[in-house]
Structures are given as structure tokens and as C-alpha cells.
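# Overview (structure and organization)
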Amino acid sequence: MLKPTRLFSFLIVFLIFWGNPVSAQNDWQIIDESLNQKLNSDPNIALEQAQQILDTNQYTFETNHEAWFSLNEIIAHAQVNLGYFDSALVIATQLYEQHNAQTYPIYRVRALLLLAMLSERRSEVKNVQAKSLEGLKLLKNVKTPHPILKADLYALLGTSYRSQADYGNALKYAKLAAELSKSNLPKLARAHNQIGVIYDYSGNFELSLKHHELSLNIRRQNNNQQGISDSLYNIGEIYRDMQQFKQALQHFKQALKVDQSLGNPYHIANSHGKLGQVYLAMGKIQLAKEHIKQGIEITKSMKAPGDTGWQLSNMAQVYIAQGRFDEAQTIAMEALELALQADAKRTEQTIRMTLLDISIKQGNPKLAREHIELLLSMPNTGLQYQQKLYQVSAKLYEEEGNAVDAYQSLKQFVDVQKKRNVDLQKQQTARLRQNVEVIRQEQELNLLLKEKDLQQAQLNNLKLQRGIVMLIMLLLAGAVLMIYCKQVTKQKMTDLTASMLATNLEEKNQLLADVSHELRTPLAALKLSVELLEHNIEPDVNKAYARVHGKISQLDNLIGDIYRSAQFDNNVMQLNKERCNLGALIQDIVSDFEPQFQEKPQSLTVSKLPSNLMCTVDPERFKQIIINLLNNSLAYTYENGETHISIDVIDHGSTKKVQLIVADSEPGLNDIELSKIFERLYRVESSRNRDLGGSGLGLAICRQIVLAHGGEIVAEQSALGGVAFKVQLTINNV
């Protein structure tokens with residue numbers, strides 16, 4: 001049975017090679033839609049199927065540019081999702097170089113989007129922004145609007161600013177992406193997810209949850225497995241920030257399970273890192289260390305410095321919890337170097353806060369103040385971080401007995417707190433506005449989902465109609481083919497019947513001619529002898545009478561043989577079976593034939609016969625087999641030749657069989673003659689058969705008697721130089 005994935009590939013290839021030119025574009029749209037759905041639910045299958053279609057050469061740069069580009073694009077996206085960044089980069093670079101901005105502006109932008117996405121996965125923030133801005137600039141010069149393509153570029157820009165802790169720009173571009181994605185539910189879900197992450201980082205958990213729930217609902221409607229995983233992951237982060245670790249753990253575990261089923265190393269590593277953070281917060285240090293270690297191994301293999309830096313900062317926190325401060329500082333410095341290399345500002349802030357914790361734990365206030373000053377000088381350090389930093393600074397000065405600086409730090413702490421309270425009031429006002437907006441968006445989303453369901457129903461109806469038409473066409477074609485095959489078969493049967501009738505008639509005519517010829521010879525001789533006796537011309541009356549009796553006997557034997565052969569042909573041969581001693585039957589017949597063999601002369605030898613070989617046969621018919629075989633040997637073997645008889649019991653699988661062999665010396669027969677020897681009235685040398693006086697039916701009758709007993713008879717080359725006849729009969733009730 002075909003697996004579902006292989007069956008889908010077969011159907012796609014069927015559409016490609018059997019679709020007519022009129023429906024080719026529709027066929028490609030169906031294929032493209034199916035592949036993009038698979039891209040989100042199972043990138044492995046999408047990669048395999050897209051490569052299979054591309055290998056058929058049905059879609060090339062020259063014949064169908066759009067399909068060819070899309071197939072390469074899908075392959076690159078699948079490779080990105082599976083972590084094959086180097087392979088994806090080769091395809092993206094080739095697509096970018098093959099399409100200049102003047103002739104192929106849109107294809108150029110799509111290639112730029114691929115390159116920006118790869119840079120984002122490698123934490124190359126500046127490259128992400130450069131490629132995204134280049135793409136947006138090209139789109140400005142294109143007359144036809146491309147909202148979804150623009151939304152993808154805005155989304156990447158938003159992600160790059162978020163990694164730099166620039167939440168104002170991040171939110172700006174995420175909202176632009178959401179506005180442009182209203183007609184595309186998967187993209188809209190991605191935008192809501194991104195907005196939710198930004199609100200989470202800004203400390204607005206209520207709005208963050210609302211946007212993540214919107215995103216999750218859309219993704220469940222579209223069965224977007226990777227999207228569902230992303231939403232679960234981000235909701236888990238909110239619960240972690242709210243210190244509801246049990247719920248956070250549940251969401252991160254679900255996200256990891258989906259990520260592992262899809263095989264995307266980027267998401268698998270992130271889920272391991274988040275699980276490590278939650279386990280660490282719960283005091284389960286060993287479990288935290290195991291998950292973080294797996295995350296580090298994956299990000300290093302991906303060559304993603306920003307992600308590796310974040311994972312290493314998590315491991316530094318584990319070492320702090322274990323009191324291993326020197327190891328924590330070493331690994332935190334390594335993480336900081338990677339974050340600076342990737343220009344990942346948020347990760348840099350996290351690591352510097354970790355270094356601050358280490359310096360305090362190690363009792364190094366001077367180094368701690370250096371970290372505080374550096375963090376406060378960073379442009380995107382949030383008010384929450386600032387408040388904590390001034391509080392720590394005041395405590396350090398107080399411990400040193402520096403009351404003036406302690407007071408100054410405490411005053412700055414209070415000022416930041418006031419600012420934060422003002423911001424919280426503003427956020428509360430914004431939250432109220434956003435709540436109204438979210439409600440409006442929920443209603444709009446419900447309408448979109450209903451419209452999509454309606455469109456899907458219409459599409460399904462169209463597909464069903466097409467399927468019914470194709471099925472009717474196939475049924476009609478099948479019916480025509482069946483009628484045609486039936487007519488051909490009928491004609492063949494008619495021709496075969498006519499041929500068989502003609503052959504049977506020819507054989508019957510030949511048989512009648514042969515029988516007439518066989519009867520004519522002894523009748524002519526008999527007539528001559530009678531006429532000689534009638535006119536008293538015969539000199540030796542006794543001899544003449546002996547000839548007459550001989551010819552009458554010959555005619556009687558011939559007629560008897562013909563009668564017996566006809567009995568078998570008409571299935572009326574009667575067998576009177578009984579248990580017989582086959583050895584005794586053979587010995588009786590051999591005794592009768594010995595004088596004839598001595599007179600020729602010709603030797604007749606018999607192997608030692610079994611003393612009590614019992615078998616259920618018709619004794620008279622069995623005797624007739626031996627008599628006919630001995631007559632044949634006596635008639636056709638040269639003088640001074642020899643004939644040998646043997647009978648044995650042989651094992652034949654689960655049954656036992658009797659094997660009778662009658663073999664004689666020269667002359668022998670070739671293979672063609674051996675294959676025809678059991679045919680009625682067949683003679684090897686017709687010029688001498690009349691002289692020998694045989695009917696030509698003896699061997700045919702032997703074969704018929706053997707078959708009537710359920711046995712078999714064959715003729716082979718004899719080791720004595722002539723012919724060996726082998727008869728096998730099943731032993732019954734031995």
C-alpha cells in the first residue's frame with residue numbers, strides 16, 4: 001500500500017503529466033498551495049515533493065518561470081526550517097544573482113527575503129536590515145502592489161529591531177506587517193505573535209497574552225504546526241515572566257514536542273533553552289543543565305552566534321546557582337563575545353546583567369559598578385533594568401560607607417520609579433485602547449475565518465465538481481475500453497474456436513485416412529488369399545488358411561485398438577481396479593514373450609522383481625501397457641538387440657509411486673520423434689511399418705491407460721542406445 005506522502009507525490013506527478021494546457025495553470029496553483037501548506041506542517045515532505053517535481057523538468061526557467069522560481073523558493077524555505085542553512089544560502093544566492101532589479105524586480109525581492117531570513121536565523125542583524133530595506137526600496141518602484149511580500153519584509157525588520165532591544169521600531173514594523181497581512185491568515189497570525197513577543201519584552205503581559213491567543217486561534221484553524229509551536233513557546237514565556245512556572249513548563253514542553261516532530265533545529269534549541277530557564281527558576285538545576293546543554297550543541301552546529309550566546313548565558317546562570325562563579329564568569333564572557341559579534345543587543349544586556357550578578361557574588365564592587373555604568377549607558381536599557389541597577393548601586397555604596405553616592409543612587413532610583421509609574425499609567429491607558437482594538441481585531445478575525453471557511457467550501461465544491469467530471473470521464477473511458485476489450489476477446493475466441501474446429505476436422509480426416517489405409521493393407525492381403533483358395537490356385541492350402549487367420553487377427557487387433565482409443569476420447573473407458581501383485585503380473589507377461597524374443601533373436605532381461613509389490617490397478621489394462629511396450633520393442637529393435645524391464649518403488653514427496661521402465665537397444669530416436677511418439681498412428685519410418693504389422697496405436701493406448709490411472713508415461717533416450725519408456729503410478733493403500 002502507498003504511504004500518504006508517496007501517494008501525494010504520485011498525484012502531483014499525475015497532474016503535471018496528464019493535465020492539458022488549458023488546466024495547467026490551475027494545476028500549478030493547486031500544487032503550489034499544497035506544497036506551502038506542507039511547508040508549515042511537515043517541511044521534510046515539502047522538500048522531497050518540491051525536489052521531485054523540479055527534477056521532472058516540466059517547469060523550467062524558460063517554460064514556466066513562476067513555477068520554477070516557486071519550487072526553488074519552497075526548497076530553500078524547507079531547508080531553512082530544517083536547519084540546512086548552507087544549502088539554502090546557495091539557492092537564495094543563485095536566485096538573487098539570476099534576477100536583476102530592472103528585468104525581474106519581484107523575483108529579486110523574493111530572493112532578498114530569503115537572504116534576509118537566513119541572516120535572521122544566523123543572528124546577523126545588520127544583514128537582515130540591509131536586505132529587508134533593499135527589498136522594500138525595490139517594491140516602491142513596482143506599480144503592482146505586493147502587500148504580503150512587503151509584510152514579510154516588515155516582519156523581518158521588526159524581528160531585527162526586537163533583537164536590538166529597540167521595541168519602539170520593532171512594534172512599529174510588526175503592526176505594519178499585521179495591517180498588510182489581513183487577507184492572509186497565516187501571515188496575520190505571525191504578525192500577532194510578533195506583537196505579543198514585543199509586548200512581553202516591554203512588560204505588558206496582558207496585551208501580550210491577547211495577541212498570542214489571537215495568533216494561536218488562527219494557527220489552529222489553519223493547522224499550522226510550526227505556528228502553533230511558536231505561540232505555545234511565547235505564551236510559556238509570559239507565564240515564566242509572571243513566575244507561574246508550572247504553566248510555563250507545560251507550554252514549553254508542548255512546543256518542544258511539536259518542534260522535534262518538525263525537525264527545525266532553531267526552534268528545538270530555543271525550546272530547550274526556555275525549559276532550562278524554567279527548571280532553574282524551580283530549583284531543578286540538573287534538569288536545567290541538561291536542556292541548556294542540548295540547546296548549546298544545536299546552536300553551535302547551526303553556526304548561530306547570537307543564539308549560542310543566549311544559551312551560554314543560561315548556562316552561566318546554572319553555574320551561579322551551583323556557586324561555581326569562576327566558571328560562570330568564563331562562560332558568560334564567551335557568551336558576551338558572541339552577542340557582540342551578532343549585534344544582539346537584548347542578549348548583550350542579559351549577559352551583562354549576569355556578569356553583574358557574578359561580580360556581586362564574588363565580592364568585587366568595583367567590577368560591579370563598571371557593569372552598572374555600562375548597562376546604564378546603553379541606549380535601550382529599559383526602566384525596569386534601570387531601577388534595578390540604581391538599587392544595586394545604592395546598596396554597593398552603602399556597604400562601602402559612601403553615603404553621598406548611595407543617596408544619589410537612591411534618588412536616581414526614585415526618579416526612575418516615578419518615570420516608570422508615569423509609563424505604567426500611559427501603558428494602562430494604551431492597554432485600554434489596545435483592548436478595544438484587540439476586540440475589534442477579534443471580530444474582524446472571526447469574519448475573516450468565516451469568509452475563509454466559505455471560500456474553502458466553494459473551493460472544495462469546485463474540486464468535487466472537477467473530481468466528478470474526471471471520474472465520469474474515466475468511467476466512460478473505462479466502459480469504452482471494456483467494450484473494446486470484450487469485442488477483441490470475443491473475436492479472438494471466435495477465431496480460436498474456428499481454428500480448433502478446423503484443426504479437429506483436419507485431424508479427424510487424417511485419422512480416417514490413416515485408419516482406412518491401415519485397414520486396406522490387411523484386407524487386400526486377405527482378399528488375395530481368399531481368391532487364390534476360391535480358384536484352387538493356392539499350392540499350399542494350410543499355409544493360405546494360416547495367412548487368412550493371421551490377417552483376420554490383425555484386423556481384429558486394429559479394430560480393438562481403435563475402439564479402446566475412442567473409449568478414452570469419449571471418457572467411457574471403464575477401469576476395474578483391484579489390489580494386484582505387480583511383480584507377478586510382469587512375470588506372467590514376460591513368460592509369454594520369451595519365445596518371441598528368442599525367435600528374433602533378441603534378449604529379454606528383467607531386474608529382480610519385488611516379491612510383494614501390491615498396487616490398486618486394473619490388471620488387464622496394466623498388462624496391456626506392458627504388452628504394447630514389449631511389442632514395440634520387439635518390432636523396432638535390431639536383431640541380436642536387448643530389452644530390459646525393471647520396476648521400483650520411489651518416494652515422490654509425501655507419496656510413494658511405482659516406476660516401471662522398459663528400455664531397449666538401437667535404433668534410437670531424436671528429441672522431435674520422442675515428443676510425437678505417443679500420437680495416434682505416428683510412425684518414425686512409414687516405409688517399414690506396414691511390414692511390421694503394427695496398428696500405430698499401441699503407444700497412444702498405453703498413454704491413455706496410464707492417464708486413466710492418474711499416472712504419467714514418458715519416452716527418453718535409453719542408456720542401451722534405444723528408447724526407454726518410464727511409467728509412474730501412485731501406490732494406493734500399500
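Everything in this summary refers to the structure shown in the same document. This one's a predicted model, so the numbers in the text were calculated from it and none came from an experiment. (Residues numbered from 1 in each chain as written. Predicted model: local features only at pLDDT ≥ 70, side-chain atom pairs only at ≥ 80, totals over all residues. Heavy atoms only, no water.)

## Focus on the environment of asparagine 100
With respect to the element layout, asparagine 100 can be found in the loop between α5 (85-98) and α6 (105-121). Engagement of the side chain of asparagine 100 in a polar contact is seen with the backbone nitrogen of glutamine 102, the distance being 3.2 Å. Within the local environment of asparagine 100, its side chain forms a polar contact with the backbone nitrogen of threonine 103, the two atoms lying 2.7 Å apart. (Helix = DSSP H or I, 4+ residues; strand = E, 2+ residues; numbered from the N terminus. Polar contact = N/O pair within 3.5 Å; in protein donor to acceptor, adjacent residues only side chain to side chain.)

## Notes on a nonpolar patch on the surface
A surface patch of nonpolar side chains, amounting to about 380 Å² of accessible area, comprises Leu464, Ile468, Ile472 and Leu476. You can see isoleucine 468 is positioned in helix α21 (residues 403-534). (Patch = residues over 30% accessible without salt bridge, like charges linked within 9 Å, V, L, I, M, F, W, Y side chains within 5 Å. Areas by Shrake-Rupley, 256 points an atom, 1.4 Å probe, with all protein chains shown as cover. Salt bridge = Lys/Arg side-chain N within 4 Å of Asp/Glu carboxyl O.)

## Here's the deal with the sheet that holds strand β2 (residues 603-606)
Strand order in this open sheet of five strands is β2-β4-β5-β7-β6, and the pairing throughout is mixed. Two strands close off the open sheet at either side, each with one partner strand: β2 and β6 (712-717). Averaged over all pairs of adjacent strands, the angle between strand axes in this sheet comes to 20°, irrespective of strand direction. Where β2 meets strand β4 (residues 642-652), four bridges bridge the pair, whose relative direction is parallel. Of the residues in β4, the one forming a bridge with valine 606 is isoleucine 645. (Pairing = 2+ DSSP bridges. Axes fitted to C-alpha atoms, helices over the stretch in contact; angles between N-to-C directions.)

## Focus on the packing of helix α16 (residues 305-321) against helix α17 (residues 325-342)
As a packed pair, α16 and α17 sit with axes 8 Å apart at the nearest point and diverge in direction by 165°. Taken together, α16 and α17 sit at an angle that is classed as roughly antiparallel. In terms of crossing hand, the pair formed by α16 and α17 is left-handed. Here α16 contributes Pro305, Gly306, Thr308, Gly309, Leu312, Ser313, Met315, Ala316, Tyr319 and Ile320 to the contact with α17, which in turn contributes Phe325, Glu327, Ala328, Ile331, Ala332, Glu334, Ala335, Leu338, Gln341 and Ala342. In terms of residue class, the contact of α16 with α17 is built from 13 nonpolar, five polar and two charged. (Parallel < 35°, antiparallel > 145°, perpendicular 65-115°, else oblique. Left-handed = near helix turned anticlockwise from the far one by under 90°. Contact = heavy atoms within 4.5 Å. Nonpolar A, V, L, I, M, F, W, Y, C, P; charged D, E, K, R; others polar.)

## Focus on the side chain of arginine 352
Looking at where arginine 352 falls in the secondary structure, it is placed in helix α18 (residues 345-361). In contact with arginine 352, other than residues within four places in its own chain, are Leu336, Leu340, Leu374, Leu375 and Met378.

## Regarding the pattern of salt bridges
As enumerated under the stated definition, the model contains 15 salt bridges in all. Notably, a salt bridge pairs glutamate 327 with arginine 324, separated by 2.6 Å at the nearest N-O pair. Judged by relative accessible area, which is 27%, arginine 324 ranks as partly exposed. Salt-bridge contacts for glutamate 400 lead to arginine 369; the nearest nitrogen and oxygen are separated by 2.6 Å. Here glutamate 400, found in helix α20 (residues 383-400), pairs with arginine 369, found in helix α19 (residues 365-377); they are 31 residues apart in sequence, far enough to count as distant. (Buried < 20%, exposed > 50% of the residue type's maximum accessible area, 1.4 Å probe, protein only.)

## Focus on the pairing of strand β3 (residues 614-617)
The two faces of β3 match: Met614 and Thr616 on one face and Cys615 and Val617 on the other face are all buried. Bridging between strand β1 (residues 578-581) and β3 involves four bridges; their strand directions are antiparallel. Bridge assignment links arginine 579 to a residue of β3, and that residue is threonine 616.

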